[in-house]
Amino acid sequence: NKIHLDNPEINILQNGNSFNFDDLVKHFLPDTTSQPDTTKAPGLHYDINNIAISNGTVTYNNLPIHNIVRIHQLNAAIPEFSWNNPTSNLHLDCNYGTGGKLNLDMNINRITLNYNITLNVDSYDLSQYYAPLNSFLKISSLKGLLGTTLQLHGKFNHPQYISGAGYIHIKNLEIKDTTNQKVFALGELALNFDTVNVEHGIYYLNNVLLDNPFLCLDYLPIGN
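**Student:** I would appreciate a short explanation of the overall build of the protein chain in the present structure.
**Tutor:** Helix and strand content of the protein chain: 2 helices and 13 strands. Its C-alpha atoms give the protein chain a radius of gyration of 22 Å, more than 25% over the compact-globule value 17 Å for 224 residues. Across its three principal axes, the protein chain shows a C-alpha extent of roughly 75 × 40 × 35 Å. With 224 residues in all, the protein chain has 26% of them scored as buried. Taking as baseline every contact in the protein chain between residues at least 6 positions apart, the subset at least 24 positions apart corresponds to 49%. When the accessible surface of the protein chain is summed, it comes to about 15,200 Å², and 57% of that surface belongs to carbon and sulfur atoms.

Structure representation (structure tokens):
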């Protein structure tokens, strides 16, 4: 009738291509050398109602680049998960790191892997991407805020089939180089798109707003 997890904490560590849960994944991999048991019943009948997670915390640490991402106050709910109904609904909301709220509603067909997602992100602090950006572009600081409302459709087993519509808003974006000089900035970037269908190459944008952009290029004797 009910599965409820209260205040769960998950810590994920990554070191290159290795994760701290690799041994668990390896332990539960199926034995491909053994023959399947054909005497077993053809399927398992299950009916799980009201799966919920309250106030969860997920911490991800990419050790080589010192990138720590933390999701907190995570709440999730799946009203029904049944053997004879391939469609499941999921609600998830959480706060992200040092700033940002996420709200997601999704339904998925577990047989076809088709999904529909409604995603809302409010005041996501882009400075949380400083470490991964700095790993290939040497900078001293990154700041800005991201907000978005998206309706997405696709298939999990074919990521290229994604399509959607919505709104993306970035404001007060600023990147400084290692001399603490501003090299790129945007007062505001707003994209409102009616249809994006990657599979069929369809891109219909209603409005594109670019306010107060800034780009600094230095040409030096040894390069730029």
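**Student:** Got a minute to help me understand the pairing of strand E7 (residues 101-109) in this structure?
**Tutor:** Looking along a regular strand, one sees side chains alternate from face to face of the sheet. Across 9 bridges, the pairing between strand E6 (residues 87-96) and E7 is antiparallel. Looking across to E7, one finds that cysteine 94 is bridged to leucine 102. Between E6 and E7, which pair antiparallel and follow one another directly, the connecting turn spans 4 residues, one of which, glycine 97, has a positive phi of 45°. Bridge analysis of E7 against strand E8 (residues 114-125) gives 8 bridges, and the strand direction is antiparallel. Considered in E8, the bridge of lysine 101 is made with aspartate 122. Following E7, the chain reverses through 4 residues before pairing antiparallel with E8; leucine 113 in that reversal takes a positive phi of roughly 65°.

**Student:** Looking at this model, I keep getting lost on a nonpolar patch on the surface. Mind explaining?
**Tutor:** Residues Phe21, Leu24, Val25, Phe28 and Leu29 make up a contiguous nonpolar surface patch of roughly 520 Å² in combined accessible area. Mapped onto the elements of the fold, phenylalanine 21 is located in the loop between strand E3 (18-19) and helix H1 (22-27). Look at phenylalanine 21 and you get partly exposed, because its relative accessible area is 33%.

**Student:** Hey, could you run me through the packing of aromatic side chains in this one?
**Tutor:** Centre-to-centre distance and the angle between the planes together describe a pair of aromatic rings. Throughout the structure, instances matching the rule amount to 5 aromatic pairs. Between tyrosine 115 and phenylalanine 156, the aromatic rings sit 4.5 Å apart at their centres with planes inclined by 35°, giving tilted as the arrangement. Residue tyrosine 115 is located in strand E8, and its partner phenylalanine 156 is located in the loop between strand E9 (141-155) and strand E10 (158-176); the two are separated by 41 residues in the primary sequence. A relative accessible area of 42% places phenylalanine 156 in the partly exposed class. The cationic tip of arginine 110 hangs over the ring face of phenylalanine 81; the distance from NZ or CZ to the ring centre is 4.3 Å. Over the aromatic face of phenylalanine 214 sits the side chain of lysine 182, whose NZ or CZ is 4.5 Å from the ring centroid.

**Student:** Quick question: what am I supposed to make of the layout of surface pockets here?
**Tutor:** It is the rolling of a water-molecule-sized probe over the atoms that shows where space remains empty. The volume enclosed by the largest pocket comes to roughly 320 Å³. As for the largest pocket, its lining consists of 14 residues, and the residues nearest its centre are Leu137, Lys138, Asp177, Val183 and Cys216. In the lining of the largest pocket, the residues fall into 7 nonpolar, 4 polar and 3 charged.

**Student:** Explain the pairing of E10 here, please?
**Tutor:** Of the strand pairs in this sheet, E9 and E10 are connected by 13 bridges, and their pairing is antiparallel. Directly across from glycine 147, in E10, lies its bridge partner histidine 169. In this antiparallel pair of consecutive strands, E9 and E10, the connection spans 2 residues. Two strands pair when backbone bridges link them, and E10 and strand E11 (residues 182-197) are joined in this way by 12 bridges, in the antiparallel orientation. Residue pairing across strands places leucine 173 opposite leucine 186, the latter belonging to E11. Between the antiparallel neighbours E10 and E11 lie 5 residues, among them asparagine 180 with a positive phi of about 65°.

Here is what the cut-offs are and how they apply
Residues numbered from 1 in each chain as written. Predicted model: local features only at pLDDT ≥ 70, side-chain atom pairs only at ≥ 80, totals over all residues. Heavy atoms only, no water. Helix = DSSP H or I, 4+ residues; strand = E, 2+ residues; numbered from the N terminus. Rg over C-alpha atoms; globule rule 2.2 N^0.38 Å. Buried < 20%, exposed > 50% of the residue type's maximum accessible area, 1.4 Å probe, protein only. Contact = heavy atoms within 4.5 Å. Areas by Shrake-Rupley, 256 points an atom, 1.4 Å probe, with all protein chains shown as cover. Pairing = 2+ DSSP bridges. Patch = residues over 30% accessible without salt bridge, like charges linked within 9 Å, V, L, I, M, F, W, Y side chains within 5 Å. Salt bridge = Lys/Arg side-chain N within 4 Å of Asp/Glu carboxyl O. Phe/Tyr/Trp six-rings, centres within 6.5 Å; stacked < 30°, edge-to-face > 60°. Lys NZ or Arg CZ within 6 Å of the ring centre and 35° of its normal. 1 Å grid on protein atoms, 1.4 Å probe; cavity = no way out; pocket = protein on both sides within 12 Å on 5 of 7 lines; lining within 4 Å. Points joined across faces, edges and corners; volume = space filled by probe spheres on them. Nonpolar A, V, L, I, M, F, W, Y, C, P; charged D, E, K, R; others polar.

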